[in-house]
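An overview of the molecular structure
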Amino acid sequence: MISSPRSISVSASIPAVDSPDTPPVEAEAVPNPPIGNGRTGRWRPMCLYHTHGKCTRLNDAFHVARFNHDIASDLCVDGFVESRLVPQNLDYLLVLDLEGKVEILEFPVVMIDARTMSFAGSFHRFVRPVRMSEKRINEYVKGKYGRMGVDGVWHDTAITFKEMLREFEVWMTEHALWKKEIGGPLQRAAFVTCGNWDVKTKIPQQCRDSDMKLPPYFMEWINLKDMFLNFYNVKEDQAKGMMPMMRQLQIPLEGSHHLGIDDAKNIARLLQRMLADGALLQVTARKNSRIAGGVEFLFERRIG
């Protein structure tokens, strides 16, 4: 277990912990952890209408008490940690964790300021499939989100992938991350994913399903699994997913696993911890049509 943020280093080590099959530590079991959990009061689920900019109950005291309307409160960082950060080559890190195996159902982004580790913004949209019948969509959404009780919010707010990307590009422009008239990659920012699937496989597939070209800002990304594997020098099974990595760092799971916005926040908390421990975040993969497979992986030791 690592009990406190480390000073600047090239790598860090983690003593052996429980088996990967051990359930994650519940949030209440770790009082006041230093990274990403410095809130006052209990954890509350996000208002998913609010993350879409459509909450109409902000004057309802019961609703406000029941649901969180401030993502930043889930990603607090103790001030003393900032002095330990390694200078980064990127200003912003955009944690992206898609949901939907057949077509994308959810597109959440949580932005972290790489210079301070602090929360810097978010974008969250539910996405309506374009190749599926309405009956199949209803079954698909009910099976995934019904058990979480948020399928109604999905139906109320979901938009097509094309519409979502238009809104995402506006959001990126407002945050000076990308300019449509210039095009090209993100400006001093990078997507951070838990694996290669999101940007390598799923977004190109969804673009084909939506009859559109792959946008130029989806050409490179940081696979946090590869960063974790190399920075902490752990075994591959200890970096194979969000849950094992959180377990290694004794970070309690918050929210619903496989609700995209909650997973993106949990991955952001992992990212904050790695920054606090002295990790230098680097692009781990980029698209390259000149090589076999079309993707260049930049780390020799990596998770497949």
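The text that follows walks through the structure, step by step, so that each part is easy to find. Since we're looking at a predicted model, the values are computed, not measured.

What counts, and at which threshold
Residues numbered from 1 in each chain as written. Predicted model: local features only at pLDDT ≥ 70, side-chain atom pairs only at ≥ 80, totals over all residues. Heavy atoms only, no water. Pairing = 2+ DSSP bridges. Helix = DSSP H or I, 4+ residues; strand = E, 2+ residues; numbered from the N terminus. Contact = heavy atoms within 4.5 Å. Axes fitted to C-alpha atoms, helices over the stretch in contact; angles between N-to-C directions. 1 Å grid on protein atoms, 1.4 Å probe; cavity = no way out; pocket = protein on both sides within 12 Å on 5 of 7 lines; lining within 4 Å. Points joined across faces, edges and corners; volume = space filled by probe spheres on them. Core = buried A, V, L, I, M, F, W, Y, C linked by side-chain atoms within 4.5 Å. Buried < 20%, exposed > 50% of the residue type's maximum accessible area, 1.4 Å probe, protein only. Expected span 1.5 Å × (residues − 1). Salt bridge = Lys/Arg side-chain N within 4 Å of Asp/Glu carboxyl O. Nonpolar A, V, L, I, M, F, W, Y, C, P; charged D, E, K, R; others polar. Phe/Tyr/Trp six-rings, centres within 6.5 Å; stacked < 30°, edge-to-face > 60°.

**Some details on the sheet that holds strand β2 (residues 106-113)**
Within the open sheet, the 8 strands sit side by side as β4-β3-β2-β1-β5-β6-β7-β8. Their pairing is mixed. In the strand order of this sheet, the two ends are held by β4 (159-160) and β8 (295-297), each with one partner. One ladder, built from 3 bridges, connects strand β5 (residues 189-193) with strand β6 (residues 220-223); its direction is parallel. Across the sheet, residue Phe 191 finds its bridge partner in β6, namely Trp 221. The strands that helix α9 (residues 260-276) touches are β1 (92-96), β2, β3 (119-128) and β5; relative to β2, the one it contacts most, it runs at about 25°.

**Here's the deal with empty space enclosed by the protein**
Throughout the structure, instances matching the rule amount to 1 cavity of 30 Å³ or more. Of the voids in this model, the largest cavity is the one considered here, and its volume is about 40 Å³. As for the largest cavity, its lining consists of Pro 185, Leu 186, Ala 189, Ala 190, Phe 191, Tyr 217 and Glu 220.

**Structural notes on the nonpolar core**
Leu 93, Tyr 145, Ile 222, Leu 224, Leu 271 and Leu 281 are the most contacted members of the largest nonpolar core, which totals 58 residues. If you list the elements that add at least two residues to this core, you get β1, β2, α3 (134-145), α4 (151-157), β5, α7 (224-231), α8 (242-248) and α9. If one sorts the elements of this core by residue count, α9 sits on top with 9 residues. Discounting residues that sit within four places of it in the chain, Tyr 145 has contacts with Glu 99, Leu 105, Glu 106, Phe 126, Val 150, Asp 151, Trp 154 and Leu 259. Grouped together as the second largest cluster of nonpolar side chains are 29 residues, Val 109, Val 127, Phe 191 and Trp 221 included.

**Examining α9**
Relative to the 24 Å expected for 17 residues at 1.5 Å per residue, α9 spans 24 Å between its end C-alpha atoms, a close match to the ideal helical length. Of all 17 residues that make up α9, 17 are buried, and the element is covered over most of its length. Of the residues one or two after α9, Gly 278 is the one with positive phi, at around 100°.

**Describing the pattern of salt bridges**
Side-chain pairs of opposite charge can arise where the charged atoms are in close proximity. If you walk through the whole model with that rule in mind, you get 14 salt bridges. When the shortest N-O distance is used, the salt bridge between Asp 91 and Arg 188 registers 2.9 Å. In this pair, Asp 91 sits in the loop between α2 (61-66) and β1 while Arg 188 sits in the loop between α5 (161-174) and β5, placing the two residues 97 residues apart along the sequence. On the accessibility criterion, Asp 91 (17% relative accessible area) is buried.

**Description of the layout of surface pockets**
If you roll a probe as big as a water molecule over the atoms, it shows you where there is empty space left. Volume-wise, the largest pocket comes out at about 540 Å³. Surrounding the largest pocket, 23 residues form its lining, Asp 97, Leu 98, Glu 99, Trp 197 and His 258 being those nearest its centre. For the lining of the largest pocket, the secondary structure elements donating two or more residues are α3, α6 (197-209), α8 and α9. For the lining of the largest pocket, the residue count by class is 8 nonpolar, 8 polar and 7 charged. Each pocket or cavity is described by its volume, and for the second largest pocket that value is around 300 Å³. Lining the second largest pocket are 21 residues, with Met 46, Cys 47, Leu 48, Phe 67 and Val 150 positioned closest to its centre. For the lining of the second largest pocket, the elements supplying multiple residues, two or more each, are α1 (48-51) and α2. Considering only residue class, the lining of the second largest pocket consists of 12 nonpolar, 5 polar and 4 charged.

**What about the packing of aromatic side chains?**
In the structure shown here, the tally under the stated rule is 13 aromatic pairs. Aromatic pair Phe 123 and Phe 168: ring centres 5.1 Å apart, planes at 55°, arrangement tilted. With Phe 123 in strand β3 and Phe 168 in helix α5, this pair connects stretches of sequence that are 45 residues apart. Judged on exposure class, the residue Phe 123 and its partner Phe 168 are both buried. Their ring planes at 70° and their centres at 6.3 Å tell us that Phe 168 and Tyr 217 sit as a pair that is edge-to-face. Taken together, the positions of Phe 168 in helix α5 and Tyr 217 in the loop between α6 and β6 put the pair 49 residues apart, joining distant regions of the chain. Each member of the pair, Phe 168 as well as Tyr 217, carries the same accessibility label: buried. These aromatic residues form a ring-pair network of at least three members: Phe 107, Phe 123, Phe 168, Trp 171, Trp 178, Phe 191, Tyr 217 and Phe 218.

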